[in-house]
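Per-entry structural report
Residue-level listing of the chains:
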Amino acid sequence: MFRLLRYYSVASGLALLVVVVVLVAIYRQASLASIVETVESENVAMSQALANAIWPKFSDYVTVGAPEDGDALRARPETLEIHAAAKSLVAGLSVVKIKIYRLNGLSIYSSDPSQIGKIQSYNKASIASARRGVPASEFRFRPEFNGINGPLSDRHIVGSYIPVRGKSGKIEAIFELYSDATNRVEVVSSDVKWLSIGLVWAFGLLYGVLFIIVRRADKIIKSQYADLRHEIGNRLSAQQRLQRALEEAEHANKSKSDFLAHMSHELRTPLNSILGFSETMDQEVFGKLGDKKYVEYAKDIHRSGSHLLQLINEVLDVSKVEAGAMEMNESNVDLNDTMKECAALMKDEAKKVGIKLNLSVPKYLPEFRGDDLRLKQIFLNLLSNAIKFTPTGGEITLEAGLEESGSLKIAVADTGIGIEAEDLQRILLPFEQVEDHMNRKTPGTGLGLALTKALTELHGGKLSLESEFGVGTKVTLRFPPERAIITQPELPLIHP
Ligand code: ADP
């Protein structure tokens, strides 16, 4: 799982090691460069002293007078004189070898006689630099070489090429001075050793402290990971339980809807017989019933049966909608006709209780793509509610129109008792009514609005309810533009 500690150990260990090596290398390099610089300036001073001692006497000899052959040069007394002067000058100093070159690179003098009379073939860049008047130095390790005072071995040498100027200030020759920097290099080596030890200690300590912190963090992460896994496990099983409960609830709801649909269907068959027979009796089709109370009873049976049938039909519709099994029989509906028909159906009922029913439908209303029967059901539900909840002398308006967006708007407004704001949402649910069943003065099941809302939504529409308690109620249905089938090209927009 987590390898934080291992990653940390390897990565930071390596990083610290690299840092130590790089720091030490930089320090060593800088120290050696500083040694070379210091020794070079010493060599420049030394060569000046040498020039002062021998140049007035030997400048002509070196530059033009000396032969070019090694043996001839070695045999010349000037060579021995220069050697003696050089030797006495560097006695006790760190200079261990001296050479004098002509500008063409020929060594006229060397403290190592075997090198006299040879053209300098290496370090050409340093010779060239000295020829331009700029001293140049090199640092190197020499396992063995002949020094001015005899053979030397395992020496760290700084060799400097220094221009020698004549009286006129012109560069006339080049001195090569070897300085022994072994002691200084040893000091640097010792510094490097202690620096390495110090850095390893300091970084080791840092590594140790960080190791403890990382180990602690690793432990915390591990325990949090375990907690998280546990939590995820819990949540997953809770989710599974929830899913199961949801499935069970859906199943139970479907069983309920199936049961209601089945029951409603079964109840309707005997109810149709009751309705048919009570009507036959009421109209005394097969002869007089005798006492007029029987006629009254037959009427009552028919009225109650009709009410029961309506209730059963509504229950059946609600369960169909809930089960998603409501089938829509869509066609192009002439809304004008449908609304007129519904208004005419309810007009008498309204008149009976002293309510004025207005219809406000524009002449050119587009056809509506929907289920005519269900639309009638919607309008009749809304109109019957408006009549039920509007006192005598009130007014009801059924209106329709097109909005600027192309939506079709249908509304039923009344000047009835109104609904309090807190009840507005609730009464849209099945079986919900403002007054409870015991205190009701008006008949009803509490299914009408829920069904109207569901049927509106099955047409892609939305139902909204506005009401002011004691003033009136307005139920508005809005259907999307695609439900309005515009057949009249110059249809005016009407905003009721
Ligand atoms: P029902 O009319 O069968 O009781 P509905 O679902 O149609 O059932 O209405 C639910 C309740 O909403 C009604 O009982 C009534 O309290 C309230 N309501 C509906 N329409 C109106 C209205 N136009 N004015 C006042 N109250 C209304």
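Being a predicted model, the structure only gives us computed values, none of them experimental.

Examining the overall build of the protein
Counting its secondary structure elements, the protein contains nine helices and 13 strands. Taken against the 2.2 N^0.38 rule, which gives 23 Å for 496 residues, the C-alpha radius of gyration of the protein at 59 Å runs more than 25% over that of a compact globule. Taken across its 496 residues, the protein has 38% of its residues classed as buried. Carbon and sulfur atoms provide 58% of the accessible area of the protein, an area that totals close to 28,800 Å².

A short note on the sheet that holds strand β7 (residues 356–360)
Sheet architecture is open: five strands sit in the order β7-β9-β10-β12-β11, paired in mixed fashion. The open sheet has two edge strands with one neighbour each: β7 and β11 (462–468). Averaged over neighbouring strand pairs, the angle between their axes works out to 10 degrees when direction is ignored. Where β7 and strand β9 (residues 395–402) come together, five bridges link them in parallel fashion. Each bridged residue has a counterpart across the sheet, and for Asn 358 the counterpart in β9 is Thr 397. Each of β7, β9 and β10 (408–414) touches helix α7 (residues 335–352); the most contacted strand, β7, lies at about 175 degrees to it. Sheet strands in contact with helix α8 (residues 372–388) are β7, β9, β10 and β12 (472–479), and its direction is about 20 degrees off that of β10.

Looking at the site of the ligand
With respect to spatial proximity, 19 residues lie near the ligand, and among them Asn 385, Lys 388, Asp 414, Gln 433 and Leu 449 are the closest. Separating an oxygen atom of the ligand from a side-chain N or O atom of Asn 385 is a distance of 2.7 Å. Measuring from a nitrogen atom of the ligand, one finds a side-chain N or O atom of Asp 414 at 2.9 Å. A total of three residues in the shell around the ligand trace back to one element, the largest contributor, which is α8.

Notes on helix α1 (residues 4–65)
When the terminal C-alpha atoms of α1 are compared, their 79 Å separation across 62 residues is substantially less than the 92 Å that a helix rising 1.5 Å per residue should span. Maximum bend of α1: about 75 degrees, positioned at Trp 55, with proline Pro 56 one to four residues after it.

Let's talk about the packing of α1 against helix α3 (residues 77–90)
Closest axis-to-axis distance for the α1/α3 pair is 10 Å, and the angle between their directions is 165 degrees. The angle between the axes of α1 and α3 places the two elements in the roughly antiparallel class. For the crossing formed where α1 meets α3, the hand is right-handed. Contact residues: Met 46, Ala 49, Leu 50, Ile 54, Lys 57, Phe 58 and Tyr 61 in α1; Glu 78, Thr 79, Glu 81, Ile 82, Ala 85, Ala 86, Leu 89 and Val 90 in α3. Looking at the contact of α1 with α3 residue by residue, the classes come out as eleven nonpolar, one polar and three charged.

Focus: the pattern of salt bridges
Applying the stated criterion across every chain, the model contains 20 salt bridges. Notably, a salt bridge pairs Arg 76 with Glu 78, separated by 3.1 Å at the nearest N-O pair. Accessibility expressed as a relative area gives 31% for Arg 76, which makes it partly exposed. Sharing partners across several salt bridges, the network here consists of Glu 341, Asp 372 and Lys 376.

Focus on unusual backbone geometry
With a phi close to 50 degrees, Asp 154 is a non-glycine residue in the positive phi region. Within the secondary structure, Asp 154 sits in strand β4 (residues 150–165). Of note, the phi angle at Glu 284 is positive, near 50 degrees, even though the residue is not glycine. Checked against the element boundaries, Glu 284 lands in the loop between α5 (182–282) and α6 (292–322).

Some remarks on the sheet that holds strand β2 (residues 107–110)
Pairing between the strands of a sheet is mediated by backbone hydrogen bonds and can be parallel or antiparallel. Ordered in space as β2-β1-β5-β4-β3, the five strands form an open sheet in which the pairing is antiparallel. Of all strands in the sheet, those bounded by a partner on one side alone are β2 and β3 (136–147). Strand-to-strand, the axes of this sheet are offset by a mean angle of 25 degrees, without reference to chain direction. Of the pairings in the sheet, the one linking β3 to β4 comprises eleven bridges and is antiparallel in character. The residue of β4 that forms the bridge with Ala 136 is Tyr 161. Strands β3, β4 and β5 (171–180) of the sheet are contacted by α5, whose axis makes an angle of about 110 degrees with β4.

A few points about a nonpolar patch on the surface
A contiguous nonpolar patch, built from Leu 206, Val 209, Leu 210 and Ile 213 and spanning about 330 Å² of accessible area, is present on the exposed surface. One can find Leu 210 in helix α5. Residue Leu 210 is classed as partly exposed on the basis of its relative accessible area of 36%.

Reading the values: rules and limits
- Residues numbered from 1 in each chain as written.
- Predicted model: local features only at pLDDT ≥ 70, side-chain atom pairs only at ≥ 80, totals over all residues.
- Heavy atoms only, no water.
- Helix = DSSP H or I, 4+ residues; strand = E, 2+ residues; numbered from the N terminus.
- Rg over C-alpha atoms; globule rule 2.2 N^0.38 Å.
- Buried < 20%, exposed > 50% of the residue type's maximum accessible area, 1.4 Å probe, protein only.
- Areas by Shrake-Rupley, 256 points an atom, 1.4 Å probe, with all protein chains shown as cover.
- Pairing = 2+ DSSP bridges.
- Axes fitted to C-alpha atoms, helices over the stretch in contact; angles between N-to-C directions.
- Contact = heavy atoms within 4.5 Å.
- Near = heavy atom within 4 Å.
- Polar contact = N/O pair within 3.5 Å; in protein donor to acceptor, adjacent residues only side chain to side chain.
- Expected span 1.5 Å × (residues − 1).
- Bend = angle between axes of the 7 residues up to and from the residue.
- Parallel < 35°, antiparallel > 145°, perpendicular 65-115°, else oblique.
- Left-handed = near helix turned anticlockwise from the far one by under 90°.
- Nonpolar A, V, L, I, M, F, W, Y, C, P; charged D, E, K, R; others polar.
- Salt bridge = Lys/Arg side-chain N within 4 Å of Asp/Glu carboxyl O.
- Patch = residues over 30% accessible without salt bridge, like charges linked within 9 Å, V, L, I, M, F, W, Y side chains within 5 Å.

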